[in-house]
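Here are the chains, one letter per residue:
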Amino acid sequence: MSLNTEIAFAYKQLVNSTNLLNKSLLEAELIHAQCYKLSAVAGDMSDSSGWEFLNPSVYTGFTALSMATGAFSRFTPDYQHSPKYPFRLPGIIQLNPVHSEHISELVSQCNQLKLRIKGLINSSKLDQMKKRELIQNACPNAIALQIYRLIKTTSSPVRRVGFTWCNKNSMRTIKKSEFLDYLQGSKNNPPAGQTKTEWAPWVNKEIDLIKSKTSDYVKVKRPLPIVPKLNVSFTDNTKTIMFYGHLPVIVFTEEPIKITPLSSYIDKKSTKQLNDYLIKRLYVLSEI
(Lines give C-alpha, C1' and ligand atoms only; values in the text may rest on other atoms or scores of the structure.)
Protein backbone atom coordinates (compact mmCIF):
# COMPACT_ATOMS: atom_id res chain seq x y z
CA MET A 1 0.00 0.00 0.00
CA SER A 2 1.43 3.40 -1.00
CA LEU A 3 1.85 6.21 1.50
CA ASN A 4 -0.86 8.23 -0.26
CA THR A 5 -3.27 5.32 0.01
CA GLU A 6 -2.45 4.71 3.69
CA ILE A 7 -3.06 8.36 4.58
CA ALA A 8 -6.26 8.53 2.55
CA PHE A 9 -7.56 5.35 4.20
CA ALA A 10 -6.67 6.57 7.71
CA TYR A 11 -8.33 9.92 7.00
CA LYS A 12 -11.52 8.20 5.81
CA GLN A 13 -11.52 6.15 9.03
CA LEU A 14 -11.03 9.37 11.04
CA VAL A 15 -14.00 11.02 9.37
CA ASN A 16 -16.18 7.97 10.08
CA SER A 17 -15.00 7.71 13.69
CA THR A 18 -15.55 11.43 14.29
CA ASN A 19 -19.05 11.24 12.83
CA LEU A 20 -19.82 8.31 15.15
CA LEU A 21 -18.48 10.26 18.14
CA ASN A 22 -20.56 13.30 17.22
CA LYS A 23 -23.70 11.20 16.80
CA SER A 24 -23.16 9.66 20.24
CA LEU A 25 -22.54 13.08 21.82
CA LEU A 26 -25.75 14.49 20.35
CA GLU A 27 -27.70 11.50 21.68
CA ALA A 28 -26.12 11.45 25.17
CA GLU A 29 -27.63 12.99 28.29
CA LEU A 30 -26.25 16.50 28.32
CA ILE A 31 -25.70 18.13 31.71
CA HIS A 32 -24.16 21.34 30.38
CA ALA A 33 -22.28 22.64 27.36
CA GLN A 34 -20.52 25.95 26.96
CA CYS A 35 -18.23 27.23 24.23
CA TYR A 36 -16.74 30.49 23.02
CA LYS A 37 -16.68 31.60 19.41
CA LEU A 38 -13.60 33.68 18.60
CA SER A 39 -13.58 36.43 16.01
CA ALA A 40 -12.60 35.56 12.46
CA VAL A 41 -9.26 37.40 12.79
CA ALA A 42 -8.26 35.71 16.05
CA GLY A 43 -4.82 34.21 15.57
CA ASP A 44 -3.99 36.16 12.40
CA MET A 45 -0.56 37.59 13.14
CA SER A 46 -0.26 39.47 9.83
CA ASP A 47 -2.19 42.39 11.34
CA SER A 48 -1.75 42.85 15.08
CA SER A 49 -4.84 45.06 15.26
CA GLY A 50 -6.87 41.87 14.82
CA TRP A 51 -5.81 40.37 18.15
CA GLU A 52 -5.10 43.35 20.41
CA PHE A 53 -8.71 43.04 21.56
CA LEU A 54 -10.74 39.82 21.40
CA ASN A 55 -14.31 39.64 22.63
CA PRO A 56 -15.48 36.01 22.47
CA SER A 57 -19.19 35.20 22.10
CA VAL A 58 -20.51 32.62 24.56
CA TYR A 59 -22.97 29.85 23.70
CA THR A 60 -24.55 27.31 26.01
CA GLY A 61 -26.77 24.24 25.96
CA PHE A 62 -27.57 22.31 22.79
CA THR A 63 -26.33 25.18 20.60
CA ALA A 64 -22.89 24.89 22.20
CA LEU A 65 -22.97 21.10 21.83
CA SER A 66 -23.79 21.41 18.13
CA MET A 67 -20.95 23.90 17.65
CA ALA A 68 -18.59 21.56 19.52
CA THR A 69 -19.39 18.55 17.35
CA GLY A 70 -18.92 20.76 14.30
CA ALA A 71 -15.47 21.73 15.57
CA PHE A 72 -14.48 18.08 16.13
CA SER A 73 -15.23 17.26 12.48
CA ARG A 74 -13.86 20.48 10.94
CA PHE A 75 -10.59 19.68 9.20
CA THR A 76 -10.74 22.53 6.66
CA PRO A 77 -10.76 26.28 7.43
CA ASP A 78 -13.93 28.00 8.54
CA TYR A 79 -15.06 30.16 5.62
CA GLN A 80 -14.66 33.31 7.74
CA HIS A 81 -11.11 32.46 8.83
CA SER A 82 -7.80 32.75 7.07
CA PRO A 83 -6.65 29.35 5.71
CA LYS A 84 -3.27 30.08 7.33
CA TYR A 85 -4.64 29.78 10.85
CA PRO A 86 -6.45 26.82 12.44
CA PHE A 87 -9.99 27.20 13.73
CA ARG A 88 -10.38 27.19 17.53
CA LEU A 89 -13.41 26.71 19.77
CA PRO A 90 -12.62 26.67 23.50
CA GLY A 91 -15.39 25.04 25.47
CA ILE A 92 -16.63 22.21 27.65
CA ILE A 93 -19.16 19.40 27.19
CA GLN A 94 -20.46 17.95 30.48
CA LEU A 95 -22.20 14.58 30.17
CA ASN A 96 -23.77 12.15 32.59
CA PRO A 97 -21.06 9.72 33.83
CA VAL A 98 -23.06 6.75 32.46
CA HIS A 99 -21.69 7.74 29.02
CA SER A 100 -18.06 7.87 30.17
CA GLU A 101 -16.89 4.45 28.95
CA HIS A 102 -18.59 4.60 25.54
CA ILE A 103 -17.67 8.21 24.70
CA SER A 104 -14.09 7.81 25.98
CA GLU A 105 -13.63 4.77 23.74
CA LEU A 106 -14.86 6.71 20.70
CA VAL A 107 -12.55 9.63 21.57
CA SER A 108 -9.64 7.19 21.87
CA GLN A 109 -10.38 5.78 18.41
CA CYS A 110 -10.39 9.28 16.91
CA ASN A 111 -7.15 10.25 18.64
CA GLN A 112 -5.38 7.05 17.58
CA LEU A 113 -6.25 7.80 13.95
CA LYS A 114 -5.08 11.39 14.31
CA LEU A 115 -1.75 10.16 15.66
CA ARG A 116 -1.50 7.59 12.88
CA ILE A 117 -2.00 10.22 10.18
CA LYS A 118 0.54 12.52 11.84
CA GLY A 119 3.00 9.64 12.17
CA LEU A 120 2.61 8.65 8.51
CA ILE A 121 3.18 12.24 7.39
CA ASN A 122 6.23 12.81 9.59
CA SER A 123 7.80 9.44 8.81
CA SER A 124 7.84 10.28 5.10
CA LYS A 125 10.99 12.46 5.54
CA LEU A 126 9.66 14.76 2.81
CA ASP A 127 9.95 18.54 2.80
CA GLN A 128 7.04 20.66 4.03
CA MET A 129 5.65 21.20 0.53
CA LYS A 130 5.49 17.45 -0.17
CA LYS A 131 3.96 16.77 3.24
CA ARG A 132 1.31 19.36 2.51
CA GLU A 133 0.56 17.61 -0.78
CA LEU A 134 0.00 14.34 1.08
CA ILE A 135 -2.54 16.02 3.36
CA GLN A 136 -4.23 17.81 0.47
CA ASN A 137 -4.59 14.59 -1.50
CA ALA A 138 -6.45 13.01 1.41
CA CYS A 139 -8.49 16.10 2.27
CA PRO A 140 -8.41 19.09 -0.12
CA ASN A 141 -7.92 22.45 1.65
CA ALA A 142 -7.24 20.71 4.98
CA ILE A 143 -5.19 22.38 7.71
CA ALA A 144 -2.88 19.73 9.15
CA LEU A 145 -3.16 21.05 12.73
CA GLN A 146 -6.93 20.69 12.65
CA ILE A 147 -6.49 17.03 11.75
CA TYR A 148 -3.73 16.43 14.30
CA ARG A 149 -5.45 18.07 17.28
CA LEU A 150 -6.40 15.51 19.88
CA ILE A 151 -9.82 15.56 21.53
CA LYS A 152 -9.42 15.95 25.30
CA THR A 153 -11.52 14.15 27.88
CA THR A 154 -11.32 13.16 31.53
CA SER A 155 -13.42 10.74 33.58
CA SER A 156 -12.46 12.16 37.00
CA PRO A 157 -15.22 14.20 38.72
CA VAL A 158 -14.70 17.83 37.73
CA ARG A 159 -15.19 20.63 40.28
CA ARG A 160 -14.20 23.75 38.34
CA VAL A 161 -13.22 24.79 34.82
CA GLY A 162 -11.44 28.11 34.42
CA PHE A 163 -11.05 29.62 30.95
CA THR A 164 -8.11 31.95 30.43
CA TRP A 165 -5.72 33.37 27.82
CA CYS A 166 -2.06 32.53 27.32
CA ASN A 167 0.58 34.66 25.60
CA LYS A 168 3.39 32.81 23.86
CA ASN A 169 6.50 33.76 21.91
CA SER A 170 8.77 31.91 19.52
CA MET A 171 12.46 32.50 20.29
CA ARG A 172 15.27 31.94 17.78
CA THR A 173 18.97 32.77 17.82
CA ILE A 174 20.49 33.24 14.35
CA LYS A 175 24.06 33.92 13.29
CA LYS A 176 24.53 37.55 12.36
CA SER A 177 26.12 36.59 9.02
CA GLU A 178 23.14 34.38 8.12
CA PHE A 179 20.67 37.10 9.03
CA LEU A 180 22.55 39.64 6.90
CA ASP A 181 22.40 37.19 3.96
CA TYR A 182 18.64 36.96 4.48
CA LEU A 183 18.27 40.74 4.44
CA GLN A 184 20.37 41.03 1.29
CA GLY A 185 18.01 38.58 -0.41
CA SER A 186 15.00 40.48 0.94
CA LYS A 187 16.10 43.60 -0.95
CA ASN A 188 15.12 41.91 -4.20
CA ASN A 189 11.71 40.78 -2.94
CA PRO A 190 9.66 43.87 -2.07
CA PRO A 191 6.19 43.42 -0.55
CA ALA A 192 3.12 43.89 -2.70
CA GLY A 193 2.59 47.50 -3.66
CA GLN A 194 6.26 48.53 -3.49
CA THR A 195 9.01 48.60 -6.09
CA LYS A 196 12.58 47.42 -5.47
CA THR A 197 13.70 51.05 -5.59
CA GLU A 198 11.25 51.98 -2.81
CA TRP A 199 11.95 48.87 -0.75
CA ALA A 200 15.77 48.73 -0.85
CA PRO A 201 16.43 51.82 1.37
CA TRP A 202 14.33 50.35 4.17
CA VAL A 203 16.20 47.06 4.05
CA ASN A 204 19.54 48.87 3.89
CA LYS A 205 18.65 50.61 7.16
CA GLU A 206 17.92 47.22 8.71
CA ILE A 207 21.23 45.88 7.41
CA ASP A 208 23.06 48.79 9.03
CA LEU A 209 21.27 48.14 12.34
CA ILE A 210 22.30 44.48 12.32
CA LYS A 211 25.89 45.32 11.36
CA SER A 212 26.07 47.75 14.29
CA LYS A 213 25.38 44.93 16.78
CA THR A 214 28.52 43.87 18.60
CA SER A 215 27.32 40.29 19.03
CA ASP A 216 27.76 37.61 16.37
CA TYR A 217 24.16 36.51 16.87
CA VAL A 218 20.70 37.94 16.38
CA LYS A 219 17.80 37.01 18.66
CA VAL A 220 14.30 36.96 17.20
CA LYS A 221 11.29 37.02 19.54
CA ARG A 222 8.20 36.47 17.44
CA PRO A 223 4.80 36.71 19.15
CA LEU A 224 2.49 33.78 18.51
CA PRO A 225 -1.31 33.92 18.36
CA ILE A 226 -3.04 34.35 21.71
CA VAL A 227 -4.06 30.91 22.97
CA PRO A 228 -7.19 30.12 25.03
CA LYS A 229 -6.61 27.59 27.82
CA LEU A 230 -8.64 25.69 30.40
CA ASN A 231 -7.68 24.94 34.00
CA VAL A 232 -9.60 21.88 35.19
CA SER A 233 -9.74 20.95 38.89
CA PHE A 234 -11.42 17.93 40.46
CA THR A 235 -13.40 16.93 43.54
CA ASP A 236 -11.15 13.92 44.20
CA ASN A 237 -7.35 13.71 44.51
CA THR A 238 -6.73 14.11 40.76
CA LYS A 239 -4.24 16.93 40.20
CA THR A 240 -5.42 20.07 38.45
CA ILE A 241 -4.65 19.91 34.73
CA MET A 242 -4.46 22.47 31.97
CA PHE A 243 -5.70 22.00 28.40
CA TYR A 244 -5.24 24.18 25.35
CA GLY A 245 -8.64 25.47 24.28
CA HIS A 246 -8.37 24.51 20.63
CA LEU A 247 -11.34 22.17 20.94
CA PRO A 248 -14.00 21.66 23.64
CA VAL A 249 -13.08 19.30 26.47
CA ILE A 250 -15.45 16.42 27.32
CA VAL A 251 -16.06 15.68 31.02
CA PHE A 252 -18.38 13.31 32.88
CA THR A 253 -19.87 14.74 36.07
CA GLU A 254 -23.45 14.95 37.33
CA GLU A 255 -22.95 17.80 39.79
CA PRO A 256 -22.93 21.42 38.57
CA ILE A 257 -19.45 22.61 37.59
CA LYS A 258 -18.17 26.03 38.60
CA ILE A 259 -17.04 27.83 35.45
CA THR A 260 -14.81 30.88 35.20
CA PRO A 261 -15.79 32.33 31.81
CA LEU A 262 -13.39 33.31 29.03
CA SER A 263 -13.16 37.08 29.35
CA SER A 264 -12.31 39.58 26.65
CA TYR A 265 -8.60 39.75 25.84
CA ILE A 266 -6.91 43.14 25.87
CA ASP A 267 -3.29 43.36 24.75
CA LYS A 268 -1.38 45.35 27.38
CA LYS A 269 1.98 45.78 25.67
CA SER A 270 4.02 48.46 27.38
CA THR A 271 6.12 51.06 25.60
CA LYS A 272 9.20 49.35 27.01
CA GLN A 273 8.22 46.03 25.42
CA LEU A 274 7.76 47.70 22.03
CA ASN A 275 11.11 49.45 22.39
CA ASP A 276 12.82 46.10 23.01
CA TYR A 277 12.75 45.49 19.26
CA LEU A 278 15.63 46.69 17.12
CA ILE A 279 13.66 45.80 13.98
CA LYS A 280 9.95 45.50 14.73
CA ARG A 281 9.08 44.11 11.28
CA LEU A 282 11.25 41.04 11.87
CA TYR A 283 10.90 40.93 15.68
CA VAL A 284 14.65 41.35 16.17
CA LEU A 285 15.50 42.19 19.78
CA SER A 286 17.80 45.07 20.61
CA GLU A 287 19.95 42.82 22.81
CA ILE A 288 20.76 39.11 22.93
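These remarks concern the structure in this document. (Residues numbered from 1 in each chain as written. Predicted model: local features only at pLDDT ≥ 70, side-chain atom pairs only at ≥ 80, totals over all residues. Heavy atoms only, no water.)

For the protein chain, the count of helices and strands is 8 helices and 15 strands. C-alpha extents for the protein chain along the principal axes are approximately 65 × 50 × 35 Å. Partitioning the intrachain contacts of the protein chain with sequence separation of at least 6 by distance along the chain shows that 82% fall at a separation of at least 24. Working note: accessible area of the protein chain is about 15900 Å², and carbon and sulfur atoms make up 52% of it. Side chains of the protein chain give 37 positive and 23 negative charges; the mean places of these two sets differ by 4 Å. (Helix = DSSP H or I, 4+ residues; strand = E, 2+ residues; numbered from the N terminus. Contact = heavy atoms within 4.5 Å. Areas by Shrake-Rupley, 256 points an atom, 1.4 Å probe, with all protein chains shown as cover. Lys, Arg positive; Asp, Glu negative; His and termini not counted. Charge placed at Lys NZ, Arg CZ, Asp CG, Glu CD.)

The next thing to look at is the pairing of strand 4 (residues 91-95). Burial runs high along strand 4: 5 of the 5 residues are buried. Neither face of strand 4 is open: one carries Gly91, Ile93 and Leu95, the other Ile92 and Gln94, and all of them are buried. Examined bridge by bridge, strand 1 (residues 30-37) and strand 4 share 5 bridges and lie antiparallel to one another. The residue bridging histidine 32 from the neighbouring strand is glutamine 94, located in strand 4. (Buried < 20%, exposed > 50% of the residue type's maximum accessible area, 1.4 Å probe, protein only. Pairing = 2+ DSSP bridges.)

With that settled, the discussion passes to helix 7 (residues 196-211). Over its 16 residues, helix 7 runs 22 Å from end to end, which matches the ideal 22 Å to within 8%, given 1.5 Å per residue. Taken together, the buried positions of helix 7 are Trp199, Ala200, Val203, Glu206, Ile207 and Ile210. Axial view of helix 7: buried residues confined to an arc of 125°, hence all on one face. More than 90 degrees from the buried face of helix 7, the exposed residues found are Thr197, Trp202, Lys205 and Asp208. Looking at the buried side of helix 7, the elements it contacts are helix 6 (176-186), strand 8 (217-223), strand 14 (277-279) and strand 15 (284-285). (Expected span 1.5 Å × (residues − 1). Arc of directions from axis to C-beta.)

Before going further, it helps to spend a moment on the packing of helix 1 (residues 3-27) against helix 4 (residues 128-138). Helix-helix packing is described using two parameters, namely the angle between the two axes and the distance between the axes. Viewed as axis vectors pointing N to C, helix 1 and helix 4 meet at an angle of 50°, and their least axial separation amounts to 9 Å. Of the possible angle classes, the one that applies to helix 1 and helix 4 is oblique. When the axes of helix 1 and helix 4 are compared, the crossing they make is right-handed. In this structure, helix 1 uses Leu3, Asn4, Ile7, Ala8 and Tyr11 to contact helix 4, whose residues at the interface are Leu134, Asn137 and Ala138. Residue classes in the contact of helix 1 with helix 4 are distributed as 6 nonpolar, 2 polar and no charged. (Axes fitted to C-alpha atoms, helices over the stretch in contact; angles between N-to-C directions. Parallel < 35°, antiparallel > 145°, perpendicular 65-115°, else oblique. Left-handed = near helix turned anticlockwise from the far one by under 90°. Nonpolar A, V, L, I, M, F, W, Y, C, P; charged D, E, K, R; others polar.)

Now for the pairing of strand 11 (residues 249-252). On a regular strand, each side chain points to the face opposite its neighbour's, so the side chains alternate between the two faces of the sheet. Here strand 11 shows two buried faces, one formed by Val249 and Val251 and the other by Ile250 and Phe252. Bridging between strand 4 and strand 11 involves 4 bridges; their strand directions are parallel. In the strand pairing of strand 11, isoleucine 93 is matched with isoleucine 250. Judged from the 2 bridges that link them, strand 5 (residues 153-154) and strand 11 form a sheet pairing that is parallel. Within strand 11, the position partnered with threonine 153 by the bridge is isoleucine 250.

Taken in spatial order, the 5 strands make up an open sheet running 3-1-4-11-5, and their pairing is mixed. On the outer flanks of this sheet lie strand 3 (57-60) and strand 5, each paired with one strand and no other. Its contacts with the sheet put helix 2 (residues 61-72) on strand 1, strand 3, strand 4 and strand 11, and the angle it makes with strand 1 is roughly 65°.

The subject of this paragraph is the sheet that holds strand 10 (residues 241-244). Read from one edge of the open sheet, 4 strands run 10-9-6-12, paired in mixed fashion. The sheet is open, and its two borders are formed by strand 10 and strand 12 (258-260), each paired with just one other strand. Each strand axis lies, on average, 20° off the axis of its neighbour in the sheet, ignoring direction. By the bridge criterion, 8 bridges tie strand 6 (residues 158-166) to strand 9 (residues 227-234) in an arrangement that is antiparallel. Its bridge partner being in strand 9, arginine 160 is matched across the sheet by serine 233.

Next up on the list: the pattern of salt bridges. Counted according to the given criterion, the structure contains 3 salt bridges. With its nearest N and O atoms 3.0 Å apart, the salt bridge here joins glutamate 6 to arginine 116. Residue glutamate 6 is found in helix 1, and its partner arginine 116 is found in helix 3 (residues 100-123); the two are separated by 110 residues along the sequence. Given a relative accessible area of 22%, glutamate 6 falls into the partly exposed group. Salt-bridge contacts for arginine 281 lead to glutamate 206; the nearest nitrogen and oxygen are separated by 2.7 Å. Of this pair, arginine 281 sits in the loop between strand 14 and strand 15 while glutamate 206 sits in helix 7, and the two are 75 residues apart along the sequence. (Salt bridge = Lys/Arg side-chain N within 4 Å of Asp/Glu carboxyl O.)

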